[in-house]
Amino acid sequence: MTYVTGSHHVTLSVGHAQEDVDFHTKVLGMRFIKKTVLYDGSTPIYHLYYSNANGDPSSVVTTFPWAQAGVYGKRGTNQAREVFLSVPSDSLDYWDKRLGQHDIETQMTEVFGERRVNFRHPSGLEYVLVGNDADPREGFTGNGVSAEHAVHGIHGTGVHVYDQDRMVEFARDVFQAKGNIQEEGDRVRFQVGDDKFGNYVELTGNRTDEQGTWHYGAGTYHHFAWNLDTLENQNAIKFEIEGAGYTDISELKNRTYFKSHYVRTPGGALFELAVTHNEGGWDCDESPEELGQAFMLPPQFEDQRQSIMDQLEPIQD
């Protein structure tokens, strides 16, 4: 039997590297766990990873800072848009105040019975803190953020779509949407996989904005990764997706820390089918205590280390 466990990570195209590091660590208080590069293409671009205390699958936000290369994207419809992060419910007033102290505009809302704080990354990406008291993941206590306020991990992904029905059909038929489909105004949402947290997909009907870009580009959401647990299960689910006619799916890619396929969904969002394989994991090349301290390169790029470093903007964490 095939199954999706839950979420694995989210990957975004952001602006400059230093402002991204400062936003995730000094503002959101997340743990900086990995500093490496984009494995695809010939332009050296950082790949930066942030997480909760333990680097749990379902807690990791990763970014590609594209501004140095002068590559920008356009937010629109048929594109993943919102980054949902889970925090304790009684911490939302704290976060509203903290974000304001960092000159970040916020908006308090309530959607699907959950209080939320809406704000933006310096590159314009839409972030939402969602109150959740049933989240067992341990937040990282860094840069003045205490355990009672810390980010637990990913809450889910927000996708803007022209046609919500096609995305719901995909989720129900081949991507294991669980439980009832909830509806509120122009939004529908559901959970994917067996986990009780971190795996919400929220669809916003959007026929106003133009088509968003799908290529790498600062200010846009690149993909949302799901945890498939084992390589055998990953391959079986890929086979099921292709068998249903969704054949826009990649070959297996080795990302050192996990192995992945990518599939373009009918709602435009790019989903990744990820497995932290036996040779992988965040600590396969650094000790758990030293995560994020060194600049790590895959073996195929190691002989180009100095050249790559010379082309990347310096960052301090």
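Conventions and cut-offs
- Residues numbered from 1 in each chain as written.
- Predicted model: local features only at pLDDT ≥ 70, side-chain atom pairs only at ≥ 80, totals over all residues.
- Heavy atoms only, no water.
- Helix = DSSP H or I, 4+ residues; strand = E, 2+ residues; numbered from the N terminus.
- Rg over C-alpha atoms; globule rule 2.2 N^0.38 Å.
- Contact = heavy atoms within 4.5 Å.
- Areas by Shrake-Rupley, 256 points an atom, 1.4 Å probe, with all protein chains shown as cover.
- Lys, Arg positive; Asp, Glu negative; His and termini not counted.
- Charge placed at Lys NZ, Arg CZ, Asp CG, Glu CD.
- Phe/Tyr/Trp six-rings, centres within 6.5 Å; stacked < 30°, edge-to-face > 60°.
- Buried < 20%, exposed > 50% of the residue type's maximum accessible area, 1.4 Å probe, protein only.
- Lys NZ or Arg CZ within 6 Å of the ring centre and 35° of its normal.
- Pairing = 2+ DSSP bridges.
- Axes fitted to C-alpha atoms, helices over the stretch in contact; angles between N-to-C directions.
- Salt bridge = Lys/Arg side-chain N within 4 Å of Asp/Glu carboxyl O.
- Arc of directions from axis to C-beta.

Asker: Lay out the overall build of the protein in plain terms, naming residues and giving numbers.
Answerer: Each helix and strand in the protein was counted, giving five helices and 16 strands. Since a compact globule built from 317 residues should have a radius of gyration of about 20 Å, the 18 Å found for the protein is in line with a globular shape. Overall, the C-alpha framework of the protein stretches about 50 × 45 × 35 Å when taken along its three principal axes. Nonlocal contacts in the protein, meaning residues at least 24 apart in sequence, comprise 69% of its contacts between residues at least 6 apart. Surface exposure of the protein reaches about 13,300 Å², of which carbon and sulfur atoms provide 45%. Across the protein, the centroid of the 26 positively charged side chains sits 3 Å from that of the 48 negatively charged ones.

Asker: Help me get a handle on the packing of aromatic side chains, residues and values and all.
Answerer: Scanning the model with the defined rule gives 19 aromatic pairs in all. Measuring from centroid to centroid gives 5.6 Å for Phe 170 and Phe 175, while their planes differ by 20°, and the two rings are stacked. Take Phe 170 and Phe 175: they sit in the same class, and that class is buried. Over the ring of Tyr 162 we find Arg 207, and its NZ or CZ is 4.1 Å from the ring centre. Sitting over the face of the ring of Trp 214, Arg 264 holds its NZ or CZ atom 4.2 Å from the ring centroid.

Asker: Run through the sheet that holds strand 14 (residues 253-254), naming residues and quoting values.
Answerer: In spatial order, the strands read 2-3-4-1-13-16-15-14; together these eight strands make up an open sheet with mixed pairing. Two strands close off the open sheet at either side, each with one partner strand: strand 2 (31-37) and strand 14. Bridge analysis of strand 3 (residues 46-51) against strand 4 (residues 60-65) gives three bridges, and the strand direction is antiparallel. In the strand pairing of strand 4, Tyr 50 is matched with Val 61.

Asker: So what's going on with the sheet that holds strand 5 (residues 79-87)? Which residues, and what values?
Answerer: The strand order across the open sheet formed by eight strands is 6-7-8-5-9-12-11-10, and the pairing between neighbours is mixed. Because the sheet does not close on itself, it has two edges, and the strands there are strand 6 (107-111) and strand 10 (177-184). Here the strands of the sheet are splayed against their neighbours by 25° on average, with no regard to which way each runs. Strand direction decides the pairing type here: strand 11 (residues 187-192) and strand 12 (residues 200-205), joined by five bridges, are antiparallel. In the strand pairing of strand 12, Arg 187 is matched with Thr 204.

Asker: Summarise the pattern of salt bridges; cite the residues concerned and give the values.
Answerer: For the coordinates displayed, the defined rule picks out 21 salt bridges. Between Lys 35 and Asp 317 there is a salt bridge whose closest N-O contact spans 3.7 Å. Pair noted here: Lys 35 is in strand 2 and Asp 317 is in the segment after helix 5 (305-311), with a separation of 282 residues, a long-range link. Look at Asp 317 and you get exposed, because its relative accessible area is 59%. Of the charged contacts in the structure, one is a salt bridge between Arg 81 and Asp 209, with a shortest N-O distance of 3.2 Å. Here the residue Arg 81 occupies a position in strand 5, and Asp 209 occupies one in the loop between strand 12 and strand 13 (220-227), the gap between them amounting to 128 residues. Its relative accessible area of 33% is what places Asp 209 among the partly exposed residues. Residues participating in the shared-partner salt-bridge network are Glu 114, Arg 116, Arg 187, Arg 189 and Glu 202.

Asker: I'd like a rundown of the pairing of strand 11, residues and numbers included.
Answerer: Sheet topology note: the strand 10/strand 11 ladder contains five bridges and is antiparallel. The residue bridging Ala 177 from the neighbouring strand is Val 192, located in strand 11. If you look at the hairpin formed by strand 10 and strand 11, you'll find two residues sitting between the two strands, and Gly 185 has a positive phi there, around 60°.

Asker: Any details on the environment of Glu 19? Residues and values, ideally.
Answerer: As for its placement among the helices and strands, Glu 19 is situated in helix 1 (residues 17-27). In this structure Glu 19 touches Pro 122 and Ser 123, once residues within four positions along its chain are discounted.

Asker: So what's going on with unusual backbone geometry? Residues and values would help.
Answerer: With the exception of glycine, the majority of residues adopt a negative phi angle, and the majority of peptide bonds are in the trans configuration. If you check the backbone angles, Phe 112 has positive phi at about 50° while not being a glycine. A positive phi angle, near 70°, is found at Thr 256, a position not held by glycine. Looking at the element boundaries, Thr 256 is found in the loop between strand 14 and strand 15 (259-264).

Asker: I'd like a rundown of helix 2 (residues 92-101), residues and numbers included.
Answerer: Considered for burial, the residues of helix 2 that qualify are Leu 92, Trp 95, Arg 98 and Leu 99. Axial view of helix 2: buried residues confined to an arc of 120°, hence all on one face. Facing away from the buried side of helix 2 by over 90 degrees, the exposed positions are Asp 93, Lys 97 and Gln 101. Looking at the buried positions of helix 2, the neighbouring elements they touch are helix 1, strand 5, strand 6, strand 7 (114-120) and strand 8 (126-131). Where helix 2 ends, the next residue or the one after it, Asp 103, has phi of about 60°, a positive value.

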